[in-house]
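Report on the structure
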Amino acid sequence: MRLNILIEANEVKLENEKMQFVSLIKKALSIVDKEYFKSLYYNEDDTRKKLCKDFTWSVYYKSYDFVNQTIKLKDDMLLKISSMSEKFITTLCRGLRKKKYYNYKNYKMHVKSFELEEEKDIYKEECIFKTLMPFSLSNYDLNIDSQEFQDRLNYVMNDLLERIRGFGLKKKLVFTSIKIKSVLVKENIHYENQYRQSWKGLFKLKGDSNDLQDIYVLGIGNRRSQGFGLLELVR
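Below is a short write-up of the structure. This is a predicted model, so every value here is computed, not measured.

Rules behind the numbers
- Residues numbered from 1 in each chain as written.
- Predicted model: local features only at pLDDT ≥ 70, side-chain atom pairs only at ≥ 80, totals over all residues.
- Heavy atoms only, no water.
- Helix = DSSP H or I, 4+ residues; strand = E, 2+ residues; numbered from the N terminus.
- Expected span 1.5 Å × (residues − 1).
- Buried < 20%, exposed > 50% of the residue type's maximum accessible area, 1.4 Å probe, protein only.
- Pairing = 2+ DSSP bridges.
- Axes fitted to C-alpha atoms, helices over the stretch in contact; angles between N-to-C directions.
- Phe/Tyr/Trp six-rings, centres within 6.5 Å; stacked < 30°, edge-to-face > 60°.
- Core = buried A, V, L, I, M, F, W, Y, C linked by side-chain atoms within 4.5 Å.
- Contact = heavy atoms within 4.5 Å.
- Parallel < 35°, antiparallel > 145°, perpendicular 65-115°, else oblique.
- Nonpolar A, V, L, I, M, F, W, Y, C, P; charged D, E, K, R; others polar.

What follows covers helix α4 (residues 147-165). At 3.6 residues per turn, the α-helix brings residues three or four places apart onto the same side. The terminal C-alpha atoms of α4, which comprises 19 residues, lie 27 Å apart, in line with the 27 Å expected from a rise of 1.5 Å per residue. Those residues of α4 lying buried are Phe149, Gln150, Arg152, Leu153, Asn154, Val156, Met157, Leu160, Leu161 and Arg165. Backbone geometry just downstream of α4 places Gly166 in the positive-phi region, at approximately 100 degrees.

So, in structure tokens, the structure goes:
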């Protein structure tokens, strides 16, 4: 399931960008179903849960200026969320209906509207995808054209699918870059700036069609619920 959320705001601080949207998602979930929210993010002893989440997201800025590490918005922004879980999307929609205004570190956001987007179906074993957000395979220094990259990608996606749907890859994935750019994504984690090797652009992925369908929905790579790895199906 895919959900498009139209948001009005004045600015987004680059170092807080990802956490600003994570905060919105968490708040919308928690105000309507605290038990479900806690099951996603916390253990029984209230420690943070390191769990593979069954959703990913991207943000698109229609028009903006970049000033002093701040995105100054000239128009609304689009938050796109993709998930395999109907409960997650339904709970999120309920929260967005109940609460329209959000605040993260004095940066305000107004949810103007939201609507479901029809997913595309995948029936073939070779697809071309475009990243809507850069994807990462953890902090590994990898050459995207190397066998090490292929091995790491297969390990990460097999583990993800096994945790989310109960079984891993049906067939080994083969990744072919078409127009890929390596980027360093800055994150502020526990008040410390970290840089994560990531990639964005166009690529071809071969594998089982059901695996490709679930990767299209769940996203590719690590830290997807933190705004990495959402894909668009090109063909």
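Pairing in this open sheet of five strands is antiparallel, and the strands run β3-β6-β1-β8-β7 from one edge to the other. Edge positions in the open sheet fall to β3 (55-61) and β7 (101-104), since each of these has one partner strand only. Strand after strand, the sheet turns through a mean of 30 degrees between neighbouring axes, direction not considered. Direction of pairing for β7 relative to strand β8 (residues 107-117): antiparallel, over a ladder of four bridges.

Turning to the packing of aromatic side chains, a few remarks are in order. Using the criterion set out here, one finds 13 aromatic pairs in the structure. Seen in terms of ring centroids, Phe135 and Phe175 are 6.0 Å apart; in terms of plane orientation they differ by 55 degrees. Their pairing is tilted. Linking Phe135 in strand β10 (residues 135-136) with Phe175 in strand β11 (residues 174-189), this pair joins segments that are 40 residues apart in sequence. Relative to Trp199, the ring of Phe135 lies with its centre 5.4 Å away and its plane at 35 degrees, an arrangement referred to as tilted. With Phe135 in strand β10 and Trp199 in strand β12 (residues 192-206), this pair connects stretches of sequence that are 64 residues apart. The class for Phe135 is buried, based on a relative accessible area of 0%.

This part takes up the nonpolar core. Residues Trp57, Met77 and Phe88 are the most contacted members of the largest nonpolar core, which totals 33 residues. Among the elements of the structure, β1 (2-8), α1 (17-30), α2 (34-41), β3, β5 (70-73), β6 (77-83), α3 (86-98) and β8 are those that each provide at least two residues to this core. Counting residues per element, this core draws most heavily on α1, which supplies six residues. With near-sequence residues (within four places) excluded, Met77 lies in contact with Ile5, Leu6, Ile7, Ala9, Val12, Phe21, Val59, Tyr60, Tyr61 and Met109.

Running from N to C, α1 and α2 point in directions that differ by 140 degrees, and their axes come no closer than 7 Å. For the element pair α1 / α2, the angle class is oblique. Two secondary-structure elements touch here, α1 through Ile25, Lys26, Leu29 and Ser30 and α2 through Lys34, Tyr36, Phe37, Leu40 and Tyr41. Classifying every residue of the contact of α1 with α2 by side-chain character gives six nonpolar, one polar and two charged.

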